[in-house]
Amino acid sequence: MMDLTSRSTTVEEWCELIDRCYERDSEPLVNLPSGKDRVYDAIFIGGGPGGRFGAAYMQAMGGTPLIVERWPFLGGSCPHNACVPHHVFSDCAAEFDLLRWLRGRLGFPDFTNGRGRILDIVRMFVGGRGMGHAFMNWQSKEQLGLDYILNVPARVIDSHTVEVDGSRFRARAIVLGTGARSIIPDVPGTKLHGVFTHETLVEELDYEPNRIVVIGGSKTAVEYGSFFHAAGAPVTIIARSPILRFEPVALDEDARTYVIDMMRSRGMAIYEEATVEAILGRERVEAVRFRTAQGAEQVVPADFVLLGTGMQPNVEPFASKLGLSLGARGEVIVDSRMMTSVPDVFAVGDMIGHPMEMWKARKGGMTAARNIMGEEFHLDIRNYPDFLHTTYEVSWVGLTEAQARERYPNVIVLKMPPGNPTQWDLLIPLADRVMLYAFLEPRRSGFQKCVIDGDSRRVLGFCHVGYGCKDSFQYLDYLLKQGVTIDDMGSMNELFLNPGHFIQLCRLRAGMKKLTDLA
Ligand code: FAD
Ligand code: KPC
C-alpha cells in the first residue's frame, strides 16, 4: 500500500498517482489522518457522490468517516463515465446543431454536411478526466480532511466491520453507496464488437461510428443518441416504451411532443413500443433487427450500437452477506433515513433505485450521516426538478398540465409560444442562446409552460425547452415547495431577456382577479 497520510499532495501529483494505478498489481492509496485503529462513526463503501458527500457532511458535523473506494479516485461514476461525458457530449450536440441550422449564413461556417468527430470527442474526454479525478482526491484530502482508502474493494465482514486489503476497520455504522451499472438486455448479439454501454463507450471506442442504433429509451439513450446525430451520424432509436415518459415527476405532454418532434425533424428515426429481436453481425455489428409497434419486421444497418436500456443497482456481495431486503428491481430497500432492513447499515444513491440522480446520491449520503450522528432526519425523494438533454436542454418541475387537471378544477396555463408549439414560425420564445434560432429557424427556438391553480393562484409546475434555464429550476423547485403564487412570481425582478420568461409570463396575468390562460 502507499501511505499518503502524512504528506500533502498536489492535484498534479494525484494525476500521476492515479495514472500509475491503471497498471497491473497497483497498490491501495491510503490516507488515514484519524488513525487506523479507531472505531469510525461510519465506513462509507463507495466514494461516489453518495459516499463522498455523506462523509464530508459527517466530518463537518464533527464525526469520523472513512471512505473505501475500489477505483483510484473519489467522485464515482459521474466524472468517470456518466454525468461529465454526458455534458461534454451535450455541449457538442448543441454547438453542432446550431452550426447545422446556420448553414453557412452570417459568416458562420457551413456545417450542413459536416461531421463532428465522435471518436476524438470521446478521446478528449478520456484524456482530460484524470484531472477531475485528481481534484476529487485532492479536495477530499487537503480541503475536507477525509480519511480514505482508494484502489481497493471493500469486503464486509459484518454490519460493523469492513476488510480492506487484509486489514479490518470497525465503525458504528456502514453506509453502502456502490452505484449501479448498465443493464445488458437479453437479446442475441450484445457481445459483438461495436456494441457499447455508456461505460464501455469511453473505455473501448476505437473507431469512428457511422451508422448508429440506440437501443432503449432511457435519458442516456436520448442524450447520447442526440449527440451522435448532431455530430452527423444517422441515428435510429428503438425503445420498448414511449420515450421521455418519466415517473413520478413527469414531463408535460406538450413539451414532450415538441422535443420528440424536434428530434424527428432533425432526421432521427425513433421507434417507440418496438422490440429488438437481434443485433446482427459476424464479429462486428452489421445491423439490428426489430419489430415495430405495428408488428412489422425491420432491419437497420449499423456499425455501432449503444445500449441505453436502464441501470441495475450494484448490491452484491453486500446484500447477500448482510441479508439486506431488496426491491423488485434489485435495489436496496431503505426508509427515509436511508436505513436498510439491517440495523446500522445504510444505503444511498443509485443502489437504492430511482431516481438515479446526483442530488439524491449526495443528499442520501448527508441524510445517512445526520442519522448516524444522532440527528433524526428524513429525505423526501418524491418531488424534484428534473432535466435531460437532446440538442436542447429540457427542464421540468412540479405537475404537468394533465396531472394538474386531474387534481384541480380550475387550471390556468401560461405558455410560449401559444397554441401548438411545433406549428409556429414565430420568433418566440426570444431569449439568450436561442436568438439565432429565433431569427433563422423560429420553430426551433423552444417552448415553455407554467401551470397554475386558478383558485389558490399557486403555481403548480414549470417546464422549459431551450437553453440556459436549467439552473433556475433548482430555485423554482424551492419556490413551488414554498407555495409561490402567480402574484409572487409577477413581483420578482427579471433579468430580461432571460431564457425562462416565467416572471414576465406571470406578470402579464398577475393583476387579473379571475385568471385566464395565456396560451
Ligand atoms: P456512483 O457514482 O456510481 O459511485 C459508486 C462508487 O462505488 C464507484 O466509485 C464504485 O467504484 C464504488 N464501488 C462499487 N463497489 C465497490 C466496492 N466493493 N468497494 C469499494 N467501492 C466500490 N445525474 C445527474 O444528477 N445529472 C446528470 O447530468 C447525470 N448524467 C448522467 C449521465 C449518465 C450517462 C449516467 C449513466 C448517469 C448520469 N447521472 C446524472 C446519474 C449519476 O451519475 C448518478 O446518480 C450518481 O453517480 C450516483 O452516485 P452514487 O454515489 O450512488 O454511485
Ligand atoms: C467535477 C464535478 O463536479 C463532477 S464529479 C462530482 C463527483 S462528487 O463531487 O463526488 O459528487
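As a starting point, this report considers the structure included with it. This one's a predicted model, so the numbers in the text were calculated from it and none came from an experiment.

The rules behind the values
Residue numbers restart at each chain and count upward from 1, following the sequence in its written direction. Chain labels run from A onward and ligand labels from 1 onward, assigned in the order the entries are written. Two thresholds apply to this predicted model, a pLDDT of at least 70 for residue-level local features and 80 or more for giving and counting side-chain atom pairs, whereas whole-chain, interface and lining totals are computed over all residues. Heavy atoms throughout the structure, all of them, feed into the side-chain values; hydrogens and water do not. Pairing between two strands requires that DSSP report at least two bridges joining them. Only DSSP runs of H or I reaching four residues or more are called helices, and only runs of E reaching two or more are called strands; each is numbered from the N terminus. Every axis in this analysis is a line fitted to C-alpha atoms, fitted for helices over the stretch in contact. Angles between the N-to-C directions lie between 0 and 180 degrees. Residue exposure (1.4 Å probe, protein chains only): buried if accessible area is under 20% of the type maximum, exposed if over 50%, otherwise partly exposed. Should any heavy atoms of two residues lie within 4.5 Å, those residues are counted as being in contact. Crossovers are described as right-handed under a simple rule: with the strands pointing away from the observer, the path leading from the first strand over the helix to the second runs clockwise. The term salt bridge refers to a pairing of a side-chain nitrogen on Lys or Arg with a carboxyl oxygen on Asp or Glu at a separation within 4 Å. Within this scheme, the nonpolar core is defined by two criteria: the residues are buried Ala, Val, Leu, Ile, Met, Phe, Trp, Tyr or Cys, and they are joined through side-chain atoms within 4.5 Å. Any two rings among Phe, Tyr and Trp, with Trp reduced to its six-membered ring, count as a pair given centres within 6.5 Å; such a pair is stacked if its planes are under 30 degrees apart, edge-to-face if over 60, and tilted if neither. In this analysis the charged atom, NZ for Lys or CZ for Arg, is taken to sit over a ring once it is within 6 Å of the ring centre and within 35 degrees of the ring normal. Throughout, near means a residue has at least one heavy atom within 4 Å of the molecule or strand. Counted as a polar contact is a pair of N or O atoms within 3.5 Å, where, for protein atoms, one must be capable of donating a hydrogen and the other of accepting one, and residues adjacent in sequence contribute only when both atoms are in side chains. Per-residue accessibility takes into account occlusion by the displayed protein chains alone, with areas from the Shrake-Rupley method and a 1.4 Å probe.

Turning next to the sheet that holds strand S15 (residues 287–291). With antiparallel pairing, the three strands of this open sheet are ordered in space as S14-S15-S16. The sheet is open, and its two borders are formed by strand S14 (275–280) and strand S16 (297–301), each paired with just one other strand. The mean inter-strand angle of the sheet, taken between neighbouring strand axes irrespective of direction, is 20°. Here S14 runs beside S15; their pairing, made up of five bridges, is antiparallel. Following the sheet pairing, Ile279 is matched in S15 by Val288.

A few words on the environment of Ile279. Mapped onto the elements, Ile279 comes out in strand S14. On the accessibility criterion, Ile279 (4% relative accessible area) is buried. Non-local contacts of Ile279, meaning those with residues more than four positions away in its chain, are made with Val187, Pro188, Gly189, Thr190, Leu192, Val195, Ile215, Val285, Ala287, Val288, Val305 and Leu307.

Next up on the list: unusual backbone geometry. Along the chain, Glu247 connects to Pro248 via a cis peptide bond; the corresponding omega equals -10°. Tracing the backbone through its elements, the reader meets Pro248 in the loop between strand S12 (235–238) and helix H8 (253–265). Put simply, Phe496 and Leu497 share a cis peptide bond, and its omega is -10°. Structurally, the position occupied by Leu497 is in the loop between helix H14 (486–490) and helix H15 (502–510). Its identity is not glycine, yet Asp25 carries a phi of approximately 55°, on the positive side. Structurally, Asp25 is set in the loop between helix H1 (11–21) and strand S2 (29–31). Although it is not a glycine, Arg433 sits at a positive phi angle of roughly 70°. Tracing the backbone shows Arg433 in the loop between strand S22 (411–416) and helix H12 (435–440).

The subject of this paragraph is the pairing of S12. Burial along S12 is two-sided: Val235 and Ile237 and Thr236 and Ile238, pointing in opposite directions, are all buried. Bridge count for strand S11 (residues 212–215) against S12 is four bridges, and the pairing is parallel. If you follow Ile212 over to S12, its bridge partner there is Val235. Chirality of the crossover, the property in question, places the unit of S11, helix H7 (residues 219–230) and S12 among those that are right-handed. Where S12 meets strand S13 (residues 269–271), three bridges bridge the pair, whose relative direction is parallel. Pairing of Ile238 across the sheet is with Tyr271, part of S13.

On to the pattern of salt bridges, then. Applying the stated criterion across every chain, the model contains 32 salt bridges. Here Lys449 ties to Glu401 by a salt bridge, and the two come within 2.5 Å at their closest N and O atoms. Of the two residues, Lys449 is situated in strand S23 (residues 447–453) and Glu401 in helix H11 (residues 401–407); the sequence distance between them amounts to 48 residues. In this structure, Lys449 and Glu401 share a single accessibility class: buried. A salt bridge links Arg444 to Glu441, with the nearest nitrogen and oxygen atoms 3.4 Å apart.

Core analysis: the biggest nonpolar cluster contains 60 residues, and Ile118, Leu201, Leu205, Phe227, Phe228, Leu244 and Phe304 have the highest contact counts within it. Of the residues forming this core, the biggest block, nine residues, is contributed by helix H4 (residues 83–102). In contact with Leu205, not counting residues within four places along its chain, are Ile118, Leu119, Val122, Arg123, Phe196, Thr200 and Phe304. In terms of nonpolar packing, the next biggest core, distinct from the first, is built from 57 residues, Leu66, Leu176, Val345 and Leu379 among them.

The next subject is the environment of Ser241. Structurally, the position occupied by Ser241 is in the loop between S12 and H8. For the pair Ser241 and Ser218, spaced 23 residues apart in the sequence, the C-alpha separation amounts to 9.7 Å.

Turning to the packing of aromatic side chains, a few remarks are in order. For the coordinates displayed, the defined rule picks out 20 aromatic pairs. Centre to centre, the rings of Phe227 and Phe228 are 5.5 Å apart; their planes meet at 45°, and the pair counts as tilted. Exposure class is identical for Phe227 and Phe228. Each is buried. One aromatic cluster is present, formed by Phe89, Phe196, Tyr207, Tyr224, Phe227, Phe228 and Phe304 through successive ring pairs. Across the ring face of Phe387, the terminal group of Lys470 is positioned such that the distance to the ring centre comes to 4.2 Å.

Let's shift gears to the site of ligand 2. All residues in the neighbourhood of ligand 2 are listed as Pro49, Arg52, Phe53, Gly75, Cys78, Pro79, Val84, Met136, Met358 and Arg362. Measuring from an oxygen atom of ligand 2, one finds a side-chain N or O atom of Arg52 at 2.8 Å. Between ligand 2 and Arg362, the relevant distance is 2.9 Å, taken from an oxygen atom to a side-chain nitrogen or oxygen of the residue. If ligand 2 stood free it would expose 350 Å²; the protein chains cover 75% of that surface.

A word on the site of ligand 1. Every one of the 31 residues lining ligand 1 counts as a neighbour, but Glu69, Arg70, His87, Asp350 and Met358 are closest to it. The side chain of Glu69 places a nitrogen or oxygen atom 2.6 Å from an oxygen atom of ligand 1. Taking Asp350, its side chain carries an N or O atom lying 2.8 Å from an oxygen atom of ligand 1. When isolated, ligand 1 has an accessible area of 990 Å², and the protein chains bury 92% of it. Residue assignment for the shell around ligand 1 shows that the elements contributing at least two residues are helix H2 (49–60), H4, H7 and helix H10 (358–372). Looking at the shell around ligand 1 element by element, the count peaks at three residues for H4.

This part takes up the sheet that holds strand S21 (residues 393–398). Strand order in the open sheet formed by five strands is S20-S21-S24-S23-S22, with antiparallel pairing between adjacent strands. Each edge of the sheet is formed by a strand with only one pairing partner; in this case those strands are strand S20 (386–389) and S22. Across the sheet, the axes of successive neighbouring strands diverge by a mean angle of 10°, strand direction being ignored. In this fold helix H13 (residues 470–482) packs onto S20, S21 and strand S24 (459–466), with an angle of close to 5° to the strand it touches most, S21. H15 rests against S22, S23 and S24 of the sheet, and its axis sits at about 130° to S22.

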